[in-house]
Amino acid sequence: MTSEADKVVVVFRAAGGAPMLQQSKVKVSLDTKFSRLILHLKKQLKTDSIFVYLRESFTPTLDDEVSILTQAYGLDGRLYVNYALTPAWG
C-alpha cells in the first residue's frame, strides 16, 4: 500500500488550443512511469496523439519516473504537465 508521502499531485494544463480537462489534477505514486500519465491524458481527451511538455519546453521519455521528473521540473512539490494536440513548443 502506498502512503500519501509516496504520492505527488500532477497538474495538467492545456496549451495550443487543446481542450481543458474536467479533472486537471491527479495524485499518483512517485514510482509511476510517465507513460501512465500519457495514457490518462489520451483517455480523457479521447485522442491517440498528444504532445506533452514540462516547463513548456521539455518532453520526458515514457519510461521516466514521476519522482525524478518532479525533483527536476516540479514546483512546490507538484508536477505541472502541459499538453497539446499539435506541437506547441520546442
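Residues numbered from 1 in each chain as written. Predicted model: local features only at pLDDT ≥ 70, side-chain atom pairs only at ≥ 80, totals over all residues. Heavy atoms only, no water.

Some thoughts on the overall build of the protein
Here is step 1 of the chain: Regarding its fold elements, the protein presents two helices and four strands.
Here is step 2 of the chain: Ordered by position from the N terminus, the helices and strands of the protein form the series β-β-α-β-α-β.
Here is step 3 of the chain: On C-alpha atoms alone, the protein measures out to a radius of gyration of 12 Å, which is about the 12 Å that the 2.2 N^0.38 rule sets for 90 residues.
Here is step 4 of the chain: At a minimum sequence separation of 6, the contacts of the protein that also span at least 24 residues come to 63%.
Here is step 5 of the chain: Of the accessible surface of the protein, which amounts to about 5700 Å², a share of 49% is contributed by carbon and sulfur atoms.
Here is step 6 of the chain: Side-chain charges of the protein comprise 11 positive and 9 negative groups, with the mean position of each set lying 7 Å from the other. (Helix = DSSP H or I, 4+ residues; strand = E, 2+ residues; numbered from the N terminus. Rg over C-alpha atoms; globule rule 2.2 N^0.38 Å. Contact = heavy atoms within 4.5 Å. Areas by Shrake-Rupley, 256 points an atom, 1.4 Å probe, with all protein chains shown as cover. Lys, Arg positive; Asp, Glu negative; His and termini not counted. Charge placed at Lys NZ, Arg CZ, Asp CG, Glu CD.)

Let's talk about the pairing of strand β1 (residues 7-14)
Here is step 1 of the chain: Examined bridge by bridge, β1 and strand β2 (residues 25-29) share five bridges and lie antiparallel to one another. Residue pairing across strands places Lys7 opposite Ser29, the latter belonging to β2.
Here is step 2 of the chain: Here β1 pairs with strand β4 (residues 78-84) via six bridges, running parallel. The residue of β4 that forms the bridge with Val10 is Leu79. (Pairing = 2+ DSSP bridges.)

Topic: unusual backbone geometry
Here is step 1 of the chain: Positive phi, normally seen in glycine, also occurs at Arg55, with a value near 55 degrees.
Here is step 2 of the chain: The backbone of Glu56 shows a phi angle near 60 degrees, a positive value even though the residue is not glycine.
Here is step 3 of the chain: The topology assignment puts Glu56 in the loop between β3 (51-54) and α2 (66-73).
Here is step 4 of the chain: Glu56 gets classed as partly exposed once you look at its relative accessible area, which sits at 41%. (Buried < 20%, exposed > 50% of the residue type's maximum accessible area, 1.4 Å probe, protein only.)

As for the packing of aromatic side chains
Here is step 1 of the chain: Under the criterion given, the structure shown has one aromatic pair.
Here is step 2 of the chain: Ring centres 4.6 Å apart and planes at 15 degrees place the aromatic pair Phe58 and Tyr73 in the stacked group. One end of the pair, Phe58, is in the loop between β3 and α2; the other, Tyr73, is in helix α2, with 15 residues separating them in the sequence.
Here is step 3 of the chain: Note on Tyr73: relative accessible area 24%, which makes it partly exposed. (Phe/Tyr/Trp six-rings, centres within 6.5 Å; stacked < 30°, edge-to-face > 60°.)

Let's talk about the sheet that holds β3
Here is step 1 of the chain: On the basis of which strands lie adjacent, the open sheet formed by four strands has the order β2-β1-β4-β3 and mixed pairing. With partners counted over all chains shown, the strands left at the sheet margins are β2 and β3, one partner each. For this sheet, the mean inter-axis angle between neighbouring strands, taken without regard to orientation, is 35 degrees. (Axes fitted to C-alpha atoms, helices over the stretch in contact; angles between N-to-C directions.)

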